[in-house]
Amino acid sequence: YSISQTLIHTACDSFDWDGVTYDSTGLYTNVYTGVNGCDSTVTLDLTINYSSSSTVTVTACDSFDWDGVTYDSTGLYTNVYTDVNGCDSTVTLDLTINYSSSSTVTVTACDSFDWDGVTYDSTGTYTNVYTDVNGCDSTVTLDLTINNSSSSTVTITACDSFDWDGVTYDSTGTYTNVYTGVNGCDSTVTLDLTINNSSSSIVTVTACDSFDWDGVTYDSTGTYTNVYTDVNGCDSTVTLDLTINYSISQT
């Protein structure tokens, strides 16, 4: 008698049977001669499941975790899994790593400094975190030195006028000059000035033979001047307009 039988087989991608490679699902038959000289028909009922491959494209900042492994550089990385059919599922990670950045800006300012809408008035380091064009952190540290402006008042009392920085002031008042200090900031100096004026007067005297004035004896007509210091410390000039008339003696 002839014999026939069926072999059922499931394989991934391809199956080799009697020197022939089959790569698709189907029924395949081989006929052999049995030991009794009769036909022995064998049918292969073959199911082919195919392996798969895919690529996952990822862009990350600094590093990326995939299946428990941390990747910190751009590249292609491959993992092979077993799918529900028992065949290989190859997944390639096409990874681009962009790196976060940090920088320091050093600034020296007077009194205060405005940075991103915030006013800082004391020396210190301040940090802002931005998002760069790659979507990663860009950390900028401001190394800030604040130098303060100064102000002072100088009180002066002078006679008639006072010279200050090349300007002559002849009236009482407050005057302000702004300088640049050694730290590059404004140094405002206010002059609180009091001006006392010198005075002058004339004393007219007529005397006989001579006239004593402040310990000096004058015996001739003329104008004589003495300069005193008044209660304000200023000159008080007094002019003596002297007329001397002489006594007449007869023998």
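Residues numbered from 1 in each chain as written. Predicted model: local features only at pLDDT ≥ 70, side-chain atom pairs only at ≥ 80, totals over all residues. Heavy atoms only, no water.

Peer 1: Pulling in residues and values, what's your account of the sheet that holds strand S25 (residues 235-245)?
Peer 2: Strand order in the open sheet made by the 3 strands is S21-S25-S24, with mixed pairing throughout. Looking at strand neighbours, the two that pair on one side only are strand S21 (199-208) and strand S24 (222-229), the edges of this open sheet. Pairwise comparison of adjacent strand axes, ignoring direction, gives a mean angle of 20° for this sheet. Of the strand pairs in this sheet, S24 and S25 are connected by 8 bridges, and their pairing is antiparallel. (Pairing = 2+ DSSP bridges. Helix = DSSP H or I, 4+ residues; strand = E, 2+ residues; numbered from the N terminus. Axes fitted to C-alpha atoms, helices over the stretch in contact; angles between N-to-C directions.)

Peer 1: Any details on the packing of aromatic side chains? Residues and values, ideally.
Peer 2: Applying the stated criterion across every chain yields a total of 10 aromatic pairs. Where Trp164 meets Tyr169, the ring centres are 6.4 Å apart and the plane angle is 50°; that geometry is what we call tilted. What links up through ring pairs into an aromatic cluster is the set Trp17, Tyr22 and Tyr28. (Phe/Tyr/Trp six-rings, centres within 6.5 Å; stacked < 30°, edge-to-face > 60°.)

Peer 1: Outline the sheet that holds strand S1 (residues 3-12), supporting the account with residue identities and numerical values.
Peer 2: Two modes of strand pairing occur in sheets, parallel and antiparallel, and in both the strands are linked by backbone hydrogen bonds. Spatially, the 3 strands line up as an open sheet ordered S1-S5-S4, and their pairing is mixed. Bordering the open sheet on either side are S1 and strand S4 (26-33), each of which pairs with just one other strand. Averaged over all pairs of adjacent strands, the angle between their axes in this sheet comes to 20°, without regard to strand direction. Where S1 meets strand S5 (residues 39-49), 10 bridges bridge the pair, whose relative direction is parallel. For Ile8, the partnering residue across the bridge sits in S5 and is Asp45.

Peer 1: Report on the environment of Leu44, specifying residues and quantitative values.
Peer 2: As for its position among the elements, Leu44 is in strand S5. Sequence-wise, Leu44 and Gln250 are 206 residues apart; in three dimensions their C-alpha atoms are separated by 184 Å. Non-local contacts of Leu44, meaning those with residues more than four positions away in its chain, are made with Leu7, His9, Phe15, Trp17, Gly26, Leu27 and Tyr28. (Contact = heavy atoms within 4.5 Å.)

Peer 1: So what's going on with the pairing of strand S10 (residues 88-98)? Which residues, and what values?
Peer 2: Bridge count between strand S6 (residues 52-61) and S10: 10 bridges; the pairing is parallel. Along S10, the bridge assignment pairs Ser52 with Ser89. Pairing analysis gives 8 bridges linking strand S9 (residues 75-82) to S10, with the strands arranged antiparallel. Across the sheet, Asn79 pairs through a bridge with Val91, a residue of S10. Counting the residues that bridge the hairpin from S9 to S10 gives 5 residues, and of these Gly86 lies at a positive phi of roughly 85°.

Peer 1: With reference to specific residues and values, describe unusual backbone geometry.
Peer 2: Its identity is not glycine, yet Asp111 carries a phi of approximately 75°, on the positive side. The topology assignment puts Asp111 in the loop between strand S11 (101-110) and strand S12 (113-115). Note on Asp111: relative accessible area 34%, which makes it partly exposed. (Buried < 20%, exposed > 50% of the residue type's maximum accessible area, 1.4 Å probe, protein only.)

Peer 1: For the state of the cysteines, give the residues involved together with the corresponding values.
Peer 2: Counted by the stated rule, this structure contains 4 disulfides. Disulfide partner of Cys61: Cys136, at an S-S distance of 2.1 Å. The disulfide joining Cys61 to Cys136 has a torsion of about -95° about its S-S bond and is therefore left-handed. Highlighted residues: Cys61 in strand S6 and Cys136 in the loop between strand S14 (124-131) and strand S15 (137-147), separated in sequence by 75 residues. The class for Cys136 is buried, based on a relative accessible area of 1%. The side chain of Cys159 participates in a disulfide bridge whose partner is Cys234; the two sulfur atoms lie 2.1 Å from each other. Handedness here is read from the sign of the S-S torsion; for Cys159 and Cys234, about -95°, the answer is left-handed. Taken together, the residues span a long stretch of sequence, with Cys159 in strand S16 (residues 150-159) and Cys234 in the loop between S24 and S25 at a distance of 75 residues. (Disulfide = S-S within 2.5 Å.)

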